[in-house]
Amino acid sequence: RASQTLKSPPPAPYLKWGGYILFHLLFFPFLTLYTLMRAARRGFRRRMWRRLVGGDRPPADHPRLIFLARGLGEVRTAARVAADLRNHRGISSAILTGADDAMVVDTAGIYLGRFPFNNPISALVFLLRWRPATIVAFEFQEGHHLKMLARMLGVRQLIVNVPITDAELDRLLKRSGSLWRWLPVDLYHCASEAVRDRLQSLGVAEGRILVAPPWGLVPLRGDGISREELQIPADAFVLLAGSTYPPEEEALLTVF
């Protein structure tokens with residue numbers, strides 16, 4: 001709903017992207033050979049080749065809503081959101097990731113595949129094959145070739161749960177020539193005004209930033225939980241393992 005309130009598409013820095021894409025096209029054969037050689041040494045040449053040629057193919061129902069999830073935690077969050085949309089809104093979607101370990105996540109019947117590499121040819125093949133209407137990326141600002149090509153094809157793009165620290169902001173500002181990569185996205189969602197201010201420092205217009213609670217995450221109590229509630233003695237050592245799921249908690253308890 002928030003993306004539908006945008007009155008005009010974001011600016012598209014085609015000139016700067018054109019120089020960047022020219023570099024990739026010139027070196028594409030070398031980069032392809034180098035990537036496949038590394039994949040062969042590591043024993044997963046087949047998976048690397050699949051991502052090189054545009055990622056996995058869409059399922060039979062061909063959903064037009066695509067979630068991009070970089071790692072294991074992001075896939076779990078995307079799966080929760082996708083299941084809610086399917087169960088309560090009747091909206092079908094697919095989840096694509098670049099992490100091999102995330103492929104074992106139980107997504108409750110939501111399609112889970114691999115997204116393409118960050119080069120113009122792989123990204124274009126992916127977009128032409130899937131024809132998405134909307135792409136939602138979880139905490140995922142990379143993939144600028146995909147973002148620019150999606151912008152050219154009129155695909156709506158949202159990045160949710162954006163995490164940017166002060167240290168990362170300083171690093172990005174030192175590379176000011178690459179800040180154009182943040183412009184093609186329709187809407188950035190973040191959980192705090194501090195992150196909103198950092199996004200604006202990167203050139204993102206205020207009207208393209210939505211400050212709201214984290215999407216797809218279980219809300220936490222603002223005041224925390226006391227030792228007394230958990231019946232933990234005051235002098236007991238406490239080990240915190242964040243973002244765990246069964247049966248991971250049982251394994252952690254066994255280890256520690």
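Scroll up to find the structure this text is about.
Residues numbered from 1 in each chain as written. Predicted model: local features only at pLDDT ≥ 70, side-chain atom pairs only at ≥ 80, totals over all residues. Heavy atoms only, no water.

**Let's talk about the overall build of the chain**
Put simply, the rule reads: Elements are defined by DSSP. Helices are runs of H or I of four residues or more, strands are runs of E of two residues or more, and each kind is numbered from the N terminus. The buried label goes to any residue with under 20% of its type's maximum accessible area, the exposed label to any with over 50%, and the partly exposed label to all in between, with areas taken from a 1.4 Å probe on protein chains only. Contact definition: two residues touch when any of their heavy atoms are within 4.5 Å.
Looking only at helices and strands, one finds nine helices and seven strands in the chain. Evaluated residue by residue, the chain yields a buried proportion of 41% over its 256 residues. Once local pairs closer than 6 in sequence are excluded, the contacts in the chain between residues at least 24 apart make up 64%.

**Concerning the sheet that holds strand β2 (residues 93–97)**
Selection rule: A strand pair is defined by DSSP finding two or more bridges across the two strands. A fitted line through C-alpha atoms represents every axis, and for helices the fit uses only the stretch in contact; the resulting angles, taken between N-to-C directions, go from 0 to 180 degrees.
Taken in spatial order, the seven strands make up an open sheet running β3-β2-β1-β4-β5-β6-β7, and their pairing is parallel. The sheet is open, and its two borders are formed by β3 (111–114) and β7 (209–211), each paired with just one other strand. Neighbour-to-neighbour, the strand axes of the sheet open up by a mean angle of 20°, direction not taken into account. Bridge count between strand β6 (residues 187–190) and β7: three bridges; the pairing is parallel. Opposite Y188, over in β7, you have I209 as the bridge partner. Against the sheet, helix α4 (residues 120–130) makes contact with β1 (65–69), β2, β3 and β4 (134–138), and its axis sits at roughly 165° relative to β2, the strand it touches most. Helix α5 (residues 144–152) rests against β1, β4, β5 (156–160) and β6 of the sheet, and its axis sits at about 145° to β5.

**Some words on a nonpolar patch on the surface**
The following threshold applies: Exposure above 30% relative accessible area and the absence of a salt bridge qualify a residue for a patch, where like charges join within 9 Å and nonpolar side chains (Val, Leu, Ile, Met, Phe, Trp, Tyr) within 5 Å. For accessible areas, the Shrake-Rupley method is used with a probe of radius 1.4 Å. Any residue's cover is judged against the shown protein chains and nothing else. We define a salt bridge as a contact between a side-chain nitrogen of Lys or Arg and a carboxyl oxygen of Asp or Glu at a distance within 4 Å.
Together, L22, F23, L26, F27, F30, L31 and Y34 make up a nonpolar patch on the protein surface, roughly 730 Å² of accessible area in all. By the secondary structure assignment, L31 is in helix α1 (residues 14–42). For L31, a relative accessible area of 33% puts it in the partly exposed group.

**Some points on empty space enclosed by the protein**
The criterion, for reference: Any residue with an atom within 4 Å of a point lines the site, the site being either a cavity, points on a 1 Å grid over the protein atoms alone where a 1.4 Å probe fits but cannot get out, or a pocket, an open set with protein on both sides within 12 Å along at least 5 of 7 lines. Grid points are joined across faces, edges and corners, and a volume is the space filled by probe spheres set on the points. Residues are grouped as follows: Ala, Val, Leu, Ile, Met, Phe, Trp, Tyr, Cys and Pro are nonpolar; Asp, Glu, Lys and Arg are charged; all remaining types, including Gly, are polar.
The final tally for this structure, using the stated rule, is one cavity of 30 Å³ or more. Taken together, L68, I135, A137, F140, E142, G143, L146, K147, Q157, L158, I159 and V185 make up the lining of the largest cavity. Within the lining of the largest cavity, the residues separate by chemical class into eight nonpolar, two polar and two charged.

**Observations regarding the side chain of S122**
You can see S122 is positioned in helix α4. The exposure class assigned to S122 is buried, which follows from its relative accessible area of 0%.

**A closer look at the pattern of salt bridges**
For the coordinates displayed, the defined rule picks out six salt bridges. Between R198 and D166 there is a salt bridge, with its nearest N and O atoms 3.0 Å apart. Of this pair, R198 sits in helix α7 (residues 193–201) while D166 sits in helix α6 (residues 166–174), and the two are 32 residues apart along the sequence. Classification of D166 by relative accessible area gives partly exposed; the value is 47%. The shortest N-O distance in the salt bridge between D197 and R196 comes to 3.1 Å. In this structure D197 comes out as partly exposed when scored by relative accessible area, which is 40%.

**With respect to the packing of aromatic side chains**
Applicable threshold: Put simply, two rings from Phe, Tyr or Trp (the six-membered ring, in Trp's case) pair if the centres are within 6.5 Å, and we call them stacked under 30 degrees between planes, edge-to-face over 60, tilted for the rest.
Per the counting criterion, the structure on display carries six aromatic pairs. For the pair F126 and W130, a centre-to-centre distance of 6.0 Å together with 45° between the ring planes defines the contact as tilted. A residue pair is termed a helical-turn pair when its members lie 3 or 4 positions apart in one helix, as F126 and W130 do in helix α4 at four residues. Note on accessibility: F126 and W130 belong to one class, buried. Aromatic rings pair up to connect F67, F138 and W215 into one cluster.

**Focus: the pairing of β1**
Our working rule: Seen with its strands pointing away from the viewer, a crossover is right-handed if its path from the first strand over the helix to the second goes clockwise.
Of all five residues in β1, five are buried; the element is thus mostly enclosed. Where β1 and β2 come together, five bridges link them in parallel fashion. Bridge pairing in β2 links A69 to T97. Taking the sense of rotation as the criterion, the β-α-β connection linking β1, helix α3 (residues 72–89) and β2 turns out right-handed. Direction of pairing for β1 relative to β4: parallel, over a ladder of five bridges. Of the residues in β4, the one forming a bridge with A69 is F138.

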